[in-house]
Amino acid sequence: MQANANQNGRGLWGSRFAFVLAAAGSAVGLGNIWGFPTAAAQNGGGGFVLIYILCILLVGLPVMLAEMVIGRAGEKNPVGALQHLKPGTPWYLVGALGVVTGFVILSFYTVIAGWTVFYFIQAAGGALTVPEGEDSAAYFSEMFGSMTANPGYEILFVAVFMIATISIVAAGVRKGIERSVKIMMPLLFLLLALLIARSVTLEGAGAGLSYYLVPDFGAINREVIVMALGQAFFSLSLGMGVMITYGSYLRKEECLPSSAGYVVTADSLIAIFAGLIVFPVIFFMAATQGANADELVAEGPGLVFVIFPQILSELPGGAAATTIFGAAFFLLLAIAALTSAISLLEVVTAHFVDDWKIPRKKAAWGLGAIIFLLAIPSALSMGAVDWLSADGVFGVSFFDLLYMLTFQLFLPLGALGLAVFVGWAWGLKKASEAIQTGTPNFRLEKLWQFMIRYVAPIAIAVILAAQFIDIFGGDADEKPAEEPARTEPAEGA
Ligand code: PHE
């Protein structure tokens, strides 16, 4: 049923709109609604947000366009595309790193995605309504804890989510994605707007908003900058070749710069929105529910799974509203995660289909099964199995180990490789020509060239180098992920 095919017989998007939807579907996901607020809370609030925005504009946007043009000109997955553009050179290794990164990210991503499925079921069953007389902070922490401590649940929901992801990739990416993103994104925007309207009118909201939006320059340090850059790549799906792979299914006459602009805008807005909900609620819970903000933040990956149920249970309309909006919210979140997970599995699958000539169905199911196996230790590292959890693996949990590895190493390294590839190896002239087939007067050409050749690679390299010096230079102040951030609102209760 491939209505369109390019000269290699690979599928093509039905329209540019379909491509933008798929790319935005990849970008918008758990990284925005779960990852961004958590990282901001753990890294000092407003200062992190400021650095994050700078990373998006100075590095994210130029690299997004670079990946798209590599894909469209290279007409393949990241390995094949780089081989095609620079045959006989080792550049394809940057693509190979991307394929490996896809494996790793998807393995821990499905764990969080599995939680959204669990919460959808809880919400639909009315469990988000706090029983009369119970303390909501304790109630929601307990709900989260009982899920993560249960090995059966953890693995079951990962399996459910993986099977959904694999089925769509096995059928070919186009069919599933377009429709789900077209409906999901506007609904997600609406629902978030509604939750923002509620969150900013809660007691304590003002303090939450200023913690989130007013940068505290004193709190910006190397670690904050590293996390902001990693978060920017993760949230935009950059540094591992998703946009290369998706770009490879795009026609030459479509406009890339505006596509990149739309995707980055949608992604950033949704992340910023999520923060506008999460921070007021943290401070509200501290002020009224007997919660301790530092303890909430120290929940790490669990933070937003306590915060969102809380705001959902504060909606006017009581239990009915909580059930309806709660189920809708977690369903949308699960779909957003699905469209991102699809893109991760697609990169890996496309490589084996293009370069190893393995049939798509076989590749998707086989690779998906391997990723599922790798997901199991991550799933069990949230408390279900002690030696995988907390500080059991090199001082962190197994999940945190993979998460840190991708954020602090794989994604920045991949993005650096791609920026240098476009800026120096393949060359700005060829890259610009490839953009111009769809954008005859690319007005920001000179600016983009400057950014991709100098600004982006230098910024990434400096940040990576600072990390290496820290880790291998024997500096004693290096510390593991979890450091309760300093959120200290009202005395609590
Ligand atoms: N961007 C996705 C999100 O924000 C995650 C992702 C990262 C997807 C890297 C693909 C590649 O949830």
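The model shown is predicted, which means the values in this text are computed figures rather than measured ones.

Student: What's the story with the side chain of Thr-101 in this structure? I'm lost.
Tutor: Residue placement: Thr-101 occurs in helix H5 (residues 92–124). With residues near it in sequence (within four places) discarded, Thr-101 still touches Met-240, Thr-406, Phe-410 and Leu-411.

Student: Would you mind showing me how to read the site of the ligand here?
Tutor: The environment of the ligand is formed by 16 residues, the closest being Ala-27, Gly-31, Tyr-109, Phe-234 and Ser-237. Ala-27 places a main-chain nitrogen or oxygen 2.9 Å from an oxygen atom of the ligand. Ser-237 is positioned such that a nitrogen or oxygen atom in its side chain is 2.9 Å from a nitrogen atom of the ligand. Taken by itself the ligand offers 320 Å² of open surface, and the protein chains cover 100% of this. Taken together, the elements giving at least two residues each to the shell around the ligand come down to helix H1 (16–27), helix H2 (30–42), H5, helix H10 (222–236) and helix H15 (318–356). Residues belonging to the shell around the ligand are distributed by class as follows: eight nonpolar, eight polar and no charged.

Student: I keep staring at the packing of H5 against helix H17 (residues 398–426) and nothing clicks. Help me out?
Tutor: Two measures define how a pair of helices packs: the angle their axes make with one another and the distance between the axes. Where H5 contacts H17, the axes come no closer than 10 Å and their chain directions differ by 150°. In this view, H5 runs roughly antiparallel relative to H17, as classed from their interaxial angle. Judged by the twist between their axes, the crossing of H5 over H17 is left-handed. Residues Val-94, Leu-97, Thr-101, Val-104, Ile-105, Ser-107, Phe-108 and Ile-112 of H5 form the contact with H17, whose own contacting residues are Phe-399, Leu-402, Tyr-403, Thr-406, Phe-410, Leu-411, Leu-413, Gly-414, Gly-417 and Leu-418. Counted by class, the contact of H5 with H17 contains 13 nonpolar, five polar and no charged residues.

Student: Help me understand helix H9 (residues 205–213), please; the structure alone is not making it clear to me.
Tutor: Residue pairs spaced three or four apart in an α-helix point in one direction, given the helix's 3.6 residues per turn. All buried positions along H9 are accounted for by Ala-205, Gly-208, Tyr-211 and Tyr-212. Seen from one end, H9 has its buried residues packed into an arc of 130°, which puts them on one side.

Student: Teacher, can you tell me more about helix H16 (residues 360–379) here?
Tutor: Helix length check: H16 (20 residues) gives 27 Å between terminal C-alpha atoms against 28 Å at 1.5 Å per residue, within 8%. Tucked inside the fold, the buried residues of H16 contact H5, helix H7 (151–171), H15 and H17.

Student: I would appreciate a short explanation of the packing of aromatic side chains in the present structure.
Tutor: Two aromatic rings are characterised by how far apart their centres lie and by the angle between their planes. Going through the model one piece at a time under the given rule, you end up with 39 aromatic pairs. Where Phe-352 meets Trp-356, the ring centres are 6.3 Å apart and the plane angle is 25°; that geometry is what we call stacked. One end of the pair is Phe-352 and the other is Trp-356, both in helix H15 and four residues apart, which spans about a single turn.

Student: Honestly, the pattern of salt bridges in this entry has me stumped. Any pointers?
Tutor: A pair can form between side chains of opposite charge whenever their charged atoms are brought close. The full count for this structure, using the stated rule, is four salt bridges. Two residues, Arg-251 and Glu-254, come together in a salt bridge whose shortest N-O distance is 3.9 Å. By relative accessible area, Arg-251 is classed as partly exposed at 23%. Overall, Glu-254 belongs to the buried group, its relative accessible area being 15%.

Reading the values: the criteria
- Residues numbered from 1 in each chain as written.
- Predicted model: local features only at pLDDT ≥ 70, side-chain atom pairs only at ≥ 80, totals over all residues.
- Heavy atoms only, no water.
- Helix = DSSP H or I, 4+ residues; strand = E, 2+ residues; numbered from the N terminus.
- Contact = heavy atoms within 4.5 Å.
- Near = heavy atom within 4 Å.
- Polar contact = N/O pair within 3.5 Å; in protein donor to acceptor, adjacent residues only side chain to side chain.
- Areas by Shrake-Rupley, 256 points an atom, 1.4 Å probe, with all protein chains shown as cover.
- Nonpolar A, V, L, I, M, F, W, Y, C, P; charged D, E, K, R; others polar.
- Axes fitted to C-alpha atoms, helices over the stretch in contact; angles between N-to-C directions.
- Parallel < 35°, antiparallel > 145°, perpendicular 65-115°, else oblique.
- Left-handed = near helix turned anticlockwise from the far one by under 90°.
- Buried < 20%, exposed > 50% of the residue type's maximum accessible area, 1.4 Å probe, protein only.
- Arc of directions from axis to C-beta.
- Expected span 1.5 Å × (residues − 1).
- Phe/Tyr/Trp six-rings, centres within 6.5 Å; stacked < 30°, edge-to-face > 60°.
- Salt bridge = Lys/Arg side-chain N within 4 Å of Asp/Glu carboxyl O.

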